[in-house]
Amino acid sequence: MLKCSPFETGRDLHSPNRNLSPVTTAVDEEGRLVVGQCLLSDLAEQYGTPLYVLDETTLRASCVAYREALEKYYPAPSLALYASKANSTLAICNLIASEGLGLDAVSEGELLTALKAGVPSKHVVLHGNNKSDEELMLGYRNGVTIVIDNHHDIDRLEALIPSGGAPVRLMLRFTPGIECHTHEYIKTGHLDSKFGFDPDQLEDVLIRLKYLEWASLKGIHAHIGSQIFELEPHRDLAAVMADALELARGLGHDVEDVNVGGGLGIRYIHSDDPPSIDSWVQVVSLAIKEACLARNLALPRLLCEPGRSLVAPAGLTLYRIGSRKVIPGVRTYISVDGGMSDNPRPITYQSSYTFYLADRPLSYREEKVTIAGKHCESGDVLIKDYMLPCSKSGDVLVVFATGAYNASMGSNYNRIPRPAGVIVKDGRADLFQRREEPEDLLQYDLIPDRFIALG
Ligand code: LLP
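These numbers were taken from a predicted model, which means no experiment stands behind them.

Under the domain assignment used here, the protein contains domain 1 (4–55 + 312–441) and domain 2 (57–309). The centre of domain 1, based on its C-alpha atoms, is set 32 Å off from the matching centre of domain 2. Regarding the contact of domain 1 and domain 2, the summed buried area is about 2800 Å², with carbon and sulfur atoms giving 58% of it. Looking only at domain 1, the three residues that lose the most surface to domain 2 are N17, R18 and Y405, adding up to 24% of its buried area. Here domain 1 is connected to domain 2 by 1 salt bridge.

Shown next as structure tokens:
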């Protein structure tokens, strides 16, 4: 057992999304950063860098926070489904399912991962605005709920499901027409969106589904966006969902589930102040309950689909600092051994993160640096003009809150292999994703026979 004292950002066990770092973050007697009782610079040494580290305690605490809040505030059945696009690996899906959560998948890959990880198929929903036949059939054969996003989904299922085949459990997605203040690219609830039916089309599609033998409409779904700090849009969403529920039930559909999507934000930098998981669930639960009571509707099962707020705070990335370029009077660049291939969020959304030196987290931040990645792209910068303690080549740099939409959106740009992932708890670290090797990247390449043999 390492002798440690808590580190300032690891505070709120009940709502990890309000912490900058995993809830187990601490410093050892020499002032070095420790997570899950593992010294971060030791992990970098042992597993290499860049390295994704996941804190099991934080991830479980996030799951428990959703589960307990739903039980506390919503008087009918409920289920949180992990939006696995945030980070889809066997170990993460397995761990989340072991906490009693379900899962949302949007592709064959995510669906396979969930099923192989042991997520019960009755707790899985399949999303997607352009599902392939293979995706639809994998979902159908495994009895997962399929979210109908458009008429094409219905046409394909109509063509694929054999006559007399088992009915398929469906959920209907529509755009609720709710704006919220998040990055332009991640708004999905407003009307000009590629996802879901327009509210004007709802009645027609509900009528169409009535006449299809294989279709068993059991839920309605909407998602308004991601990294949202306001509670009001979710309150507004409840009334829109209740109207849709009333319409669907009025047309004779036995709709049991209302799925309000995900979207709760997390703290990436000190000034971020997201609501807690508890407050978010409270607002959503009460709003759905009241909207249903006002319309005299029996309470549906309440589903939600958190992604970021479940996994982001549990994750961190370790890099090793390499070269330094000083442009006098302009800027000092320090470069790390990863960048936009393992974390494309800064270049994609101009998102900010919080950085520490693994072995000197508390040292005075006396130098302004721009932390660059190693990719051949000027924009491959993790953060610009950032105050850090004086650093040197070889130091390990820690970036907190990278558990969501980093690995899952990563790439092999410049043929850079993907990092390994380790999950830590009580001083133990286990690999949950092996590091890719450069040779792995060649395995799908072919040289056509008709090319001239060289050498
Ligand atoms: N449900 C649906 C239908 C979604 O489209 C999403 C996210 C979620 C749930 C989960 O939302 P969350 O709880 O994670 O906010 N790549 C962007 C985020 C894209 C979110 C896409 N949909 C980013 O890195 O910020």
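With that settled, consider the site of the ligand. The environment of the ligand is formed by 19 residues, the closest being S226, E305, R345, Y349 and Y405. Within the backbone of G307, an N or O atom sits 2.8 Å from an oxygen atom of the ligand. One of the backbone nitrogen or oxygen atoms of R308 is found 2.8 Å away from an oxygen atom of the ligand. Compared with its free state, where it exposes 580 Å², the ligand has 92% of that area covered by protein. There are two domains that each give the shell around the ligand at least three residues, and those are domain 1 (4–55 + 312–441) and domain 2 (57–309).

Once that is clear, we can look at the pairing of strand β10 (residues 168–173). A large share of β10 lies buried, amounting to 5 of its 6 residues. Sheet topology note: the strand β9 (residues 145–148)/β10 ladder contains 3 bridges and is parallel. In the strand pairing of β10, I146 is matched with L170. At this point the chain moves from β9, through helix α6 (residues 151–160), to the parallel β10, and the crossover so formed is right-handed. Note: β10 against strand β11 (residues 215–221), 6 bridges, orientation parallel. When the sheet's bridge partners are listed, M171 is paired in β11 with G219.

We now examine the state of the cysteines. Summed over all chains, the structure comprises 0 disulfides. Lacking any disulfide linkage, C38 is separated from the closest cysteine sulfur, that of C4, by 10 Å. Taking the relative accessible area as the measure of exposure, C38 reaches 6% and is therefore buried.

Bringing the nonpolar core into the picture now. Among the nonpolar cores identified, the biggest contains 104 residues, and L170, I288, F355 and I371 are the most heavily contacted of them. If you tally residues by element for this core, the top one is helix α9 (residues 277–294), at 8 residues. Counting only domains with at least three residues in this core, you end up with domain 1 (4–55 + 312–441) and domain 2 (57–309). Y47, V53, L318 and V422 belong to the second largest nonpolar core, which has 21 residues in total.

Quick look at the confidence of the model for the protein now. For any part of a model where pLDDT is low, the fine detail of the predicted coordinates should not be relied upon. Counting all residues, the mean pLDDT for the protein is 95, and 97% of those residues have values of 70 or more. In the model of the protein, strand β1 (residues 4–6) stands out as the element of lowest mean pLDDT, 86, in contrast to strand β5 (residues 51–55), which has the highest, 99.

At a minimum axis separation of 10 Å, helix α7 (residues 202–210) and helix α8 (residues 232–250) run at an interaxial angle of 35°. As for the relative orientation of α7 and α8, their crossing is right-handed in sense. On α8, the residues touching L202, E203 and L206 of α7 are A244, L247 and A248.

What follows deals with unusual backbone geometry. In this chain, T49 is followed by P50 through a cis amide linkage whose omega measures -10°. By the secondary structure assignment, P50 is in the loop between α1 (40–47) and β5. Its identity as a non-glycine residue notwithstanding, Q350 has a phi of 55°, on the positive side. In this fold, Q350 is placed in the loop between α11 (345–349) and β16 (355–357).

Quick notes on the rules
Residues numbered from 1 in each chain as written. Predicted model: local features only at pLDDT ≥ 70, side-chain atom pairs only at ≥ 80, totals over all residues. Heavy atoms only, no water. Domains from an automatic or database assignment. Buried area = accessible area lost by both parts, 1.4 Å probe. Salt bridge = Lys/Arg side-chain N within 4 Å of Asp/Glu carboxyl O. Near = heavy atom within 4 Å. Polar contact = N/O pair within 3.5 Å; in protein donor to acceptor, adjacent residues only side chain to side chain. Areas by Shrake-Rupley, 256 points an atom, 1.4 Å probe, with all protein chains shown as cover. Buried < 20%, exposed > 50% of the residue type's maximum accessible area, 1.4 Å probe, protein only. Helix = DSSP H or I, 4+ residues; strand = E, 2+ residues; numbered from the N terminus. Pairing = 2+ DSSP bridges. Right-handed = clockwise from strand over helix to strand, strands pointing away. Disulfide = S-S within 2.5 Å. Core = buried A, V, L, I, M, F, W, Y, C linked by side-chain atoms within 4.5 Å. pLDDT = per-residue confidence, 0-100. Axes fitted to C-alpha atoms, helices over the stretch in contact; angles between N-to-C directions. Left-handed = near helix turned anticlockwise from the far one by under 90°. Contact = heavy atoms within 4.5 Å.

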